[in-house]
Amino acid sequence: MAEEAKKTKKKEKAEKVKVKKPKTPMSKEKFRKIMMGSKDDMGLLKKIVVYVILTCVGFVFIYPLLRIFSQSFMSLSDLLDSSINWIPSSFRLSNYEGAITAMNYWKSLKDSFIISGLPTLCQVVSCSVVGYGLARYNFKGKSLVMGLLIFSFVLPSSLLLTTQYQMYNSFGWTGTIWTFIFPAILANGFKSQLFILICWSFFKQIPPVLNEAAAIDGAGHFKSFFKIAIPSAAGALVVVLIFSFVWYWNEQYLSQLYLYQRDASKNIYTPLINQLSIFQSSFDSAYGNSTGSSSMTINDAYRNAATILTITPLLIIYAILQKQFVESVDRAGITGE
Amino acid sequence: MSTKTEEMKEEVNTTEVSTEDTGKKSKKEEKAEKKKKKSYTVDELLSQNEALELFDEYGRKKKIKVKVKQGKLKKRENRMGYFFVFPYIVGTLICLAYPLVLSIIYAFSNVKVRPTYTELTFAGIDNFLNVFDKNPLLLTQLGTLALNMILGVPMIVVFALIMAMMLNMKIKGKGVYRTIFFLPVIIVSGPVMERINSDTSTIQAVDTTIIEQALYNVLPAWIASGVVWVFTHIILLLWYSGVQILIFLAALQKIDTSLYEAAKIDGGSNWECFWKITLPTIKPMLLLNGIYTVVFLSQDTLISPLTNTIKAAITSVLGYGYSSAFGWIYAIVVLFFVGIVAICFIPKKDIYEKQIKKTKKLEKKTRRNLAKHQKQLIKNQIKLQKAIEREQKMKAAGKDLGGGNYDG
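Thresholds applied
- Residues numbered from 1 in each chain as written.
- Chains lettered and ligands numbered in written order.
- Predicted model: local features only at pLDDT ≥ 70, side-chain atom pairs only at ≥ 80, totals over all residues.
- Heavy atoms only, no water.
- Helix = DSSP H or I, 4+ residues; strand = E, 2+ residues; numbered from the N terminus.
- Contact = heavy atoms within 4.5 Å.
- Areas by Shrake-Rupley, 256 points an atom, 1.4 Å probe, with all protein chains shown as cover.
- Buried < 20%, exposed > 50% of the residue type's maximum accessible area, 1.4 Å probe, protein only.
- pLDDT = per-residue confidence, 0-100.
- Buried area = accessible area lost by both parts, 1.4 Å probe.
- Salt bridge = Lys/Arg side-chain N within 4 Å of Asp/Glu carboxyl O.
- Polar contact = N/O pair within 3.5 Å; in protein donor to acceptor, adjacent residues only side chain to side chain.
- Nonpolar A, V, L, I, M, F, W, Y, C, P; charged D, E, K, R; others polar.
- Axes fitted to C-alpha atoms, helices over the stretch in contact; angles between N-to-C directions.
- Left-handed = near helix turned anticlockwise from the far one by under 90°.
- Phe/Tyr/Trp six-rings, centres within 6.5 Å; stacked < 30°, edge-to-face > 60°.
- Lys NZ or Arg CZ within 6 Å of the ring centre and 35° of its normal.
- Arc of directions from axis to C-beta.
- Patch = residues over 30% accessible without salt bridge, like charges linked within 9 Å, V, L, I, M, F, W, Y side chains within 5 Å.
- Lys, Arg positive; Asp, Glu negative; His and termini not counted.
- Charge placed at Lys NZ, Arg CZ, Asp CG, Glu CD.

**With respect to the overall build of chain A**
Counting its regular elements, chain A contains 17 helices and zero strands. Taking contacts inside chain A between residues at least 6 apart in sequence as the whole, the part at least 24 apart equals 71%. Entry remark: accessible area of chain A is about 17,700 Å², with carbon and sulfur atoms responsible for 64%.

Here is the structure:
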């Protein structure tokens, strides 16, 4: 009995193996399905195309940065040597040293943080407050305010620069940080309109039931703003924070106009981006090139080192806040409807 | 629902008032009663106003919402909105309205800045003529700006849309790609961009001069120059589309996936889905992106050569009048481009929306008529009451005075 059973089992096994063994040649349809994809699944071919395009464009974004980075370590002979493309013969850190002294780096870095940090904080506060007011309350003249917002967004900023400059000049604020902080407090700073719109669209997503419930529990307008609106729209604040900081950091012309005076020694603030734009002359003055007794001459390596030094803080901040940033973009609040 | 409840509230309020006042003088009671009579319920009104159009084309009773004034509490709450928006209003008055008006005045006058005051004399359009006089390159610069806009804006918008759609697909390494694609947003700025766009650091493409020559031989000059422009500026355009990709990506993620599922069940292909679902849904974003791109490009020195001249004009010896006139000319040009983009991208209202608007208008009209009617009714009633009272008084007076007068 037992043997028979074994035999039958073996037979079954053999049959099973036999069933498995014969390979059916891949049908054309299946192949096509894998390559071209069905309606709800992307095909292999399409996937490859997507990856290739994404990688290529990503490469376009990354390439100049890498190039600048690698060149910032090169010596002049390396730069001219056509056989050296990416990796310099020796990592010359003196490029960075030169750039740091020419740009007066540590002082400028501090100034840059002040010039972009303080207005950014003011802007985050004021824009979130204004955006909340527009999103939650239905007061008379609300549509007028919205219209003003969009109008001032479209208006080229160069139109107002003359008279704004004159106004601040009459206040005696030119050369001080007040020219940046004052408009930021009043939600009229650099690209504030966009930030108000971002905050507005985030606050609009908060269900009004939450506010009502809070009101029943005795929360006032400010309490419900701080305890309900702000925590649930933290993503918007991160977006506003990053954008505002970056744009203030990169705003060269405004700081040139408001902060720099004719007498260069009187300048209180010297942000990095301005130092970068006048790098040539500051390098020359730092190393006495104008007098002819030059110890160093400027070349692309120095300029690239200065550029890297300027954008490094931004890259670090982006690396830290990147996750929140991408996530809050994912939550789809950046755009208003 | 809401109207009903609020009516209820009002009624409750009036009854409260009446109960409080019962102990007091009778005059107040009368007033309270009058108040009570002023608030009619909808059904009452409907029964009184059969002449009005209250039935729609299918013979059903139209739902007419009688607008009840916002409650006091709601009103007071909404007034807090002013408090929140207050900074923006003040800021707009100081930082936007005042400079704007001032620059209009400056543009039409000779400005001389004295240590204590500024002297203004009316100069007509001299400043504007000056701008054209002093800048022989102005027209050619405007031409290059127009060319750059016409080619650049559609390219950036389309490219951003394609990239956003790709980033929105189900692919591996999404996070890495997104981090890379948002990089331009962080870095793009004047001096850094110049460095990035310099010869040593951009990608060494194939030598384009041969291609350019070939193009100029084959195509008419204006097409060829456009194509060559695209060739030379393509990397710059890629770098400038960071924010646009962000905006599109956010919009794409808002689209309800069930829409696509429904379309797929009905046999729609991806291509059809794109044209029939994706594009119509993100049309407002197209408008936003188009306008943003125009505004951004108009302020960029690499695209618009005019910005440098304007910025130089601000600090030039020709004075504030000249620079504000220049600013206004440029603003008009930019607003012109914005207008073109707006005309191209503004979503047309479809028939359905039109119909809704129409019915809403009709509703508003009937409501207004109703209110009018109601007012008239109340007035009539008051008149009637007064007349009755007068009559009664007269009667009483007549009696009191002694019927002798008329007794004859």
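**Details of the overall build of chain B**
Within chain B, the regular secondary structure consists of 19 helices and two strands. Residues counted as buried form 37% of the 408 residues belonging to chain B. Sequence-distant contacts in chain B: of pairs separated by 6 or more residues, those separated by 24 or more amount to 67%. Total accessible area on chain B is roughly 26,000 Å²; 62% of this is exposed by carbon and sulfur atoms.

**Notes on the confidence of the model for chain B**
Residues and elements named next belong to chain B. Mean pLDDT over chain B stands at 75; residues scoring 70 or higher make up 74%. Throughout residues 1–25 the model reports pLDDT below 50, and contacts reaching past four residues in sequence, or to other chains, amount to 15 contacts. Scored by ipTM, the complex comes to 0.76, with pTM at 0.72.

**Focus: helix α9 (residues 178–185) of chain A**
Extensive coverage of α9(A) is indicated by the burial of six of its eight residues. All buried positions along α9(A) are accounted for by A:T179, A:F180, A:I181, A:F182, A:P183 and A:A184. Considering only its buried residues, α9(A) is in contact with α6 (105–136), α8 (158–171), α13 (234–250) and α14 (252–259) of chain A together with α4 (72–107) of chain B. Where α9(A) terminates, the next one or two residues include A:A187, which has phi positive at roughly 60°.

**Some thoughts on the interface of chain B and chain A**
At the junction of the two partners, chain B supplies 88 residues and chain A supplies 94 residues. A combined buried area of about 8,400 Å² lies between chain B and chain A, and 75% of that area is made up of carbon and sulfur atoms. Seen at the junction of chain B and chain A, the total is zero salt bridges. Taken together, the connections running from chain B to chain A amount to ten residue pairs in polar contact (both at pLDDT 80 or more). Looking at the side of chain B that touches chain A, the element that brings in the most residues is α4(B), giving 22 residues. The residue inventory of the side of chain B that touches chain A, partitioned by class, reads 60 nonpolar, 20 polar and eight charged.

**Considerations on the packing of helix α3 (residues 44–71) of chain A against helix α7 (residues 174–181) of chain B**
Where α3(A) meets α7(B), the axes come as close as 9 Å, and the angle between the chain directions of the two elements is 40°. Judged by the twist between their axes, the crossing of α3(A) over α7(B) is left-handed. The segment α3(A) lies against α7(B), with A:Y51, A:L54, A:T55, A:V57, A:G58, A:F61 and A:I62 engaging B:Y177, B:I180 and B:F181.

**What about the packing of aromatic side chains?**
Between two aromatic rings, the relevant description is the distance of the centres plus the angle of the planes. Scanning all chains against the criterion turns up 41 aromatic pairs over all chains. With centroids separated by 5.4 Å and ring planes inclined at 80°, the aromatic side chains of A:F222 and B:F83 adopt a geometry described as edge-to-face. You can see A:F222 sitting in helix α12 (residues 221–232) and its partner B:F83 sitting in helix α4, one on each of two chains. In this structure B:F83 comes out as partly exposed when scored by relative accessible area, which is 48%. Judged by centre distance (5.4 Å) and plane angle (50°), the ring pair of B:F108 and B:F128 falls under tilted. Separated by 20 residues along the polypeptide, B:F108 in the loop between α4 and β1 (109–113) and B:F128 in helix α5 (residues 126–134) bring together distant segments of the chain. Exposure remark for B:F128: the relative accessible area of 17% places this residue in the buried category. Here the aromatic residues A:Y165, A:Y168, A:F171, A:W173, A:W178, A:F180, A:F182, A:F190, A:Y248 and A:Y258 are joined through ring pairs into a cluster of three or more. Taking NZ or CZ as reference, A:K191 lies 4.1 Å from the ring centre of A:W247, over its face.

**Some details on helix α5 (residues 94–103) of chain A**
Residue and element names in this part refer to chain A. Burial in α5 covers these residues: N95, Y96, G98, A99, A102 and M103. Taken down its axis, α5 places every buried residue within 160° of arc, on the same side. Away from the buried face of α5 by more than 90 degrees, exposed residues E97 and T101 are located. Looking one or two residues past α5, N104 carries a phi angle of roughly 55°, positive in sign.

**Looking at a positive patch on the surface**
Where like charges cluster on the molecular surface, the positive patch consists of A:K140, B:K72, B:K75, B:R76 and B:R79. Assignment of secondary structure puts B:R76 in helix α4. Judged by relative accessible area, B:R76 falls into the exposed class, the value being 53%.

**Here's the deal with the pattern of salt bridges**
Under the criterion given, the structure shown has two salt bridges over all chains. With a shortest N-O distance of 2.9 Å, A:D111 and A:K107 are connected by a salt bridge. Linking A:D111 with A:K107, this pair stays in helix α6, spanning four residues, or about one helical turn. Judged by its relative accessible area of 29%, A:K107 falls in the partly exposed class. Close ionic contact of B:E363 with B:R367 constitutes a salt bridge, the shortest N to O distance being 3.0 Å. You can see B:E363 and its partner B:R367 sitting in helix α18 (residues 351–400), four residues apart, about one turn around the helix. Relative accessible area serves as the criterion here: at 23%, B:R367 is assigned to the partly exposed category.

**Topic: the environment of B:W239**
With respect to the helices and strands, B:W239 occurs in helix α11 (residues 221–239). C-alpha of B:W239 to C-alpha of B:L183: the two residues are 56 residues apart in sequence and 9.0 Å apart in space. Beyond its immediate stretch of four places on either side in the chain, B:W239 contacts A:V60, A:F61, A:P64, B:P184, B:I187, B:V188, B:M193 and B:I196.

**Observations concerning the side chain of A:S116**
Residues and elements named next belong to chain A. Take S116: it is sitting in helix α6. At 2.5 Å, the side chain of S116 and the backbone oxygen of S112 are in polar contact. Residue contacts for S116: discarding those within four places in its chain leaves F245, Y248 and W249.

**Considering the environment of A:H221**
Relative to the helices and strands, A:H221 resides in helix α12. The sequence separation of A:H221 and A:N211 amounts to ten residues, and the corresponding C-alpha distance is 8.9 Å. With residues near it in sequence (within four places) discarded, A:H221 still touches A:Y132, A:Y137, B:E77, B:M80 and B:F84.

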